[in-house]
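The chain contents come next:
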Amino acid sequence: MVERLSLDKSDVEQGLAKLVLTIIELLRQLMERQAMRKVENDSLSDDQLEELGLTLMRLEEKMHELKVIFGLEHEDLNIELGPLGKLL
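Residues numbered from 1 in each chain as written. Predicted model: local features only at pLDDT ≥ 70, side-chain atom pairs only at ≥ 80, totals over all residues. Heavy atoms only, no water.

The protein chain carries the name Gas vesicle protein K in an unreviewed UniProt entry, which gives Fictibacillus fluitans as its organism. As its UniProt record puts it under Subcellular location (unreviewed entry), the protein chain is described as follows: "Gas vesicle". In the Sequence similarities (unreviewed entry) part of its UniProt record, the protein chain is described as follows: "Belongs to the gas vesicle GvpK family." (UniProt positions renumbered as here; feature names shortened; annotations may be inferred.)

Written as structure tokens, this is what we have:
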């Protein structure tokens, strides 16, 4: 039997939110890793380090807020990529 595409508005919104938040989470983790490399190499001033920490903290808080709004858990953002495994 052929599977039908769900056109329910809430399913579409949650699916789109899941995709967008997954991409944002991936970018957030990449930024965090890059920031850690800079910290380990002592290539940031104290002011830059503080600003970076605050920025990453705010981004993480906003991600949590958006996940609550769309009823998503962190595990929902770890999508399966077939033979490549999990995204995050």
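1. A short note on a negative patch on the surface
Together, Asp 46, Asp 47, Glu 50 and Glu 51 give the surface a local cluster of negative charge. Positionally, Glu 51 belongs in helix 2 (residues 46-69). In this structure Glu 51 comes out as partly exposed when scored by relative accessible area, which is 45%. (Patch = residues over 30% accessible without salt bridge, like charges linked within 9 Å, V, L, I, M, F, W, Y side chains within 5 Å. Areas by Shrake-Rupley, 256 points an atom, 1.4 Å probe, with all protein chains shown as cover. Salt bridge = Lys/Arg side-chain N within 4 Å of Asp/Glu carboxyl O. Lys, Arg positive; Asp, Glu negative; His and termini not counted. Charge placed at Lys NZ, Arg CZ, Asp CG, Glu CD. Helix = DSSP H or I, 4+ residues; strand = E, 2+ residues; numbered from the N terminus. Buried < 20%, exposed > 50% of the residue type's maximum accessible area, 1.4 Å probe, protein only.)

2. Looking at the pattern of salt bridges
All told, the structure shown has three salt bridges when counted by the stated rule. Among the ionic pairs, Glu 32 bridges to Arg 28, the shortest N-O distance being 3.0 Å. Residue Glu 32 and its partner Arg 28 are located together in helix 1 (residues 9-40), separated by four residues, close to a single helical turn. Here Glu 65 and Lys 62 are joined by a salt bridge, their closest N and O atoms 3.3 Å apart. With Glu 65 and Lys 62 both in helix 2 and three residues apart, the pair spans about one turn of that helix. Glu 65 gets classed as partly exposed once you look at its relative accessible area, which sits at 40%. For Lys 62, a relative accessible area of 42% corresponds to the partly exposed category. Sharing partners across several salt bridges, the network here consists of Glu 25, Arg 28 and Glu 32.

3. Things to note about the side chain of Lys 67
Note on placement: Lys 67 falls in helix 2. Glu 25 provides the closest opposite charge to the buried, unpaired Lys 67, separated from it by 5.4 Å. Setting aside residues no more than four positions away along its own chain, Lys 67 makes contact with Leu 21, Leu 72, Glu 73, His 74 and Leu 77. (Contact = heavy atoms within 4.5 Å.)

4. Notes on the packing of helix 1 against helix 2
Between two packed helices, both the angle of their axes relative to each other and the distance between the axes serve to describe the pair. Axis separation between helix 1 and helix 2 bottoms out at 11 Å; the angle between their running directions is 160 degrees. The angle between helix 1 and helix 2 falls in the class roughly antiparallel. As helix 1 packs across helix 2, the resulting crossing turns out to be left-handed. Taking contact as the criterion, the partners of Leu 21, Ile 24, Glu 25, Arg 28, Met 31, Glu 32, Ala 35 and Val 39 in helix 1 are, on helix 2, Leu 49, Leu 52, Leu 56, Leu 59, Glu 60, Met 63, Leu 66 and Lys 67. A class-by-class count of the residues in the contact of helix 1 with helix 2 yields eleven nonpolar, no polar and five charged. (Axes fitted to C-alpha atoms, helices over the stretch in contact; angles between N-to-C directions. Parallel < 35°, antiparallel > 145°, perpendicular 65-115°, else oblique. Left-handed = near helix turned anticlockwise from the far one by under 90°. Nonpolar A, V, L, I, M, F, W, Y, C, P; charged D, E, K, R; others polar.)

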